[in-house]
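Breakdown of the fold
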Amino acid sequence: MDASNKPEAPDGPRLQTLDAAAAAAVRGLWAGAVGRTVRCVPQRRTVAVPVGDAWLFGKWHRGCFRTAAAEWRWLHVLPLLGIRTAEPLVWLGTRRRNLLVTAGVPGRALDAWATAAVGGGWFADVVDYACREVAPFVRRLHDHGLVARDLYWNHLWCDDPRTAGAPLLLDVARVLRPWGLWRRWVVKDLASLWASVPVPVSTSVGLRFLRVYLGEPLFLHARLVRAIAAKAARIRAHRPRYG
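Now for a quick tour of the structure. (Residues numbered from 1 in each chain as written. Predicted model: local features only at pLDDT ≥ 70, side-chain atom pairs only at ≥ 80, totals over all residues. Heavy atoms only, no water.)

Moving on, we get to the side chain of arginine 149. Along the chain, arginine 149 falls in the loop between α5 (123-143) and β7 (156-158). Of the side chains bearing the opposite charge, aspartate 189 lies closest to the buried arginine 149, which forms no salt bridge; the N-O distance is 7.4 Å. Of note is the side chain of arginine 149, whose polar atom sits 2.7 Å from the backbone oxygen of arginine 174. (Helix = DSSP H or I, 4+ residues; strand = E, 2+ residues; numbered from the N terminus. Buried < 20%, exposed > 50% of the residue type's maximum accessible area, 1.4 Å probe, protein only. Lys, Arg positive; Asp, Glu negative; His and termini not counted. Salt bridge = Lys/Arg side-chain N within 4 Å of Asp/Glu carboxyl O. Polar contact = N/O pair within 3.5 Å; in protein donor to acceptor, adjacent residues only side chain to side chain.)

Structure below.
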């Protein structure tokens, strides 16, 4: 897959590599003729369209060429580092109107799984999954010198947590390789994950997750743990900008 930071015209060569149904869906997305909006904030909108038994997702970046270019790049780079993302298919547009199209991903977001698990009486399995798969996944990202900056449960997807392997990271436009303030960004990632659990969890669950992430006893990182807990509390108290 070409990771060049240049969008294509709607009849460009990348589009021509798709099968006929997918190509038609992408052209429909570009024309605004198909799909339903699944998320919308100023300057960005995500639209889903069915293609046979699968889905394609188109993400509009209006007036945000640099953001679109960053997301397109990370969609290609992260899998090379062992960080699963949605499969990038095509990037269409101009410097002011960009559409990134990715393949649909299996499963559900972890926040949806957590809510379903509480209702079904198997939330302990979700906690086990978070410690077994999500904590090493986040550590792998950080070990590569990268931070997500949008590390929330609704951005991590998987099949059934009772049997799934490593999660998949969505919405990678804000991934960053920071040149400074490393501890601050790590605290932000881990606190965002802790704060965005959609159901009540005990402090011991959060500490168990951090113990696996750190790979060492927590008392060796007491200041870091306190900073993460404090940041998580501030995030929970913050009113989301777009809901």
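So, next bit.
The next point concerns the packing of helix α6 (residues 182-195) against helix α7 (residues 203-214). It is the contact of α6 with α7, at a shortest axis distance of 11 Å, that shows an interaxial angle of 140°. On the basis of their axis angle, the class for α6 and α7 is oblique. Handedness of the α6/α7 crossing: right-handed. In contact with Val186, Leu190, Leu193 and Trp194 of α6, α7 contributes Thr203, Gly206, Leu207, Phe209, Leu210 and Tyr213. Looking at the contact of α6 with α7 residue by residue, the classes come out as 8 nonpolar, 2 polar and no charged. (Axes fitted to C-alpha atoms, helices over the stretch in contact; angles between N-to-C directions. Parallel < 35°, antiparallel > 145°, perpendicular 65-115°, else oblique. Left-handed = near helix turned anticlockwise from the far one by under 90°. Contact = heavy atoms within 4.5 Å. Nonpolar A, V, L, I, M, F, W, Y, C, P; charged D, E, K, R; others polar.)

With that out of the way, let us pick up the nonpolar core. Within the largest apolar cluster, 54 residues are counted, with the highest numbers of intra-cluster contacts made by Val134 and Phe209. Mapped onto this core, the elements with two or more residues apiece are α3 (65-80), α4 (110-120), α5, β7, α6, α7 and α8 (222-237). In terms of residue count, α5 provides more of this core than any other element does, 11 residues in total. Counting 19 residues, the second largest nonpolar core, distinct from the first, contains Leu15, Ala23, Val90 and Leu99. (Core = buried A, V, L, I, M, F, W, Y, C linked by side-chain atoms within 4.5 Å.)

On to the sheet that holds strand β6 (residues 108-109). The 3 strands lie next to each other as β6-β7-β8, forming an open sheet whose pairing is antiparallel. What marks the edges here is a single partner per strand, and that holds for β6 and β8 (168-169). (Pairing = 2+ DSSP bridges.)

So, on to the sheet that holds strand β5 (residues 97-103). Whenever strands of a sheet pair, they do so through backbone hydrogen bonds, lying parallel or antiparallel. Taken in spatial order, the 5 strands of this open sheet run β1-β2-β3-β5-β4, and their pairing is antiparallel. Two strands close off the open sheet at either side, each with one partner strand: β1 (36-41) and β4 (88-93). Ignoring strand direction, the axes of neighbouring strands in this sheet form an average angle of 20°. Both β4 and β5 contribute to a ladder of 5 bridges, which runs antiparallel. Bridging across to β5, valine 90 finds its partner in valine 101.

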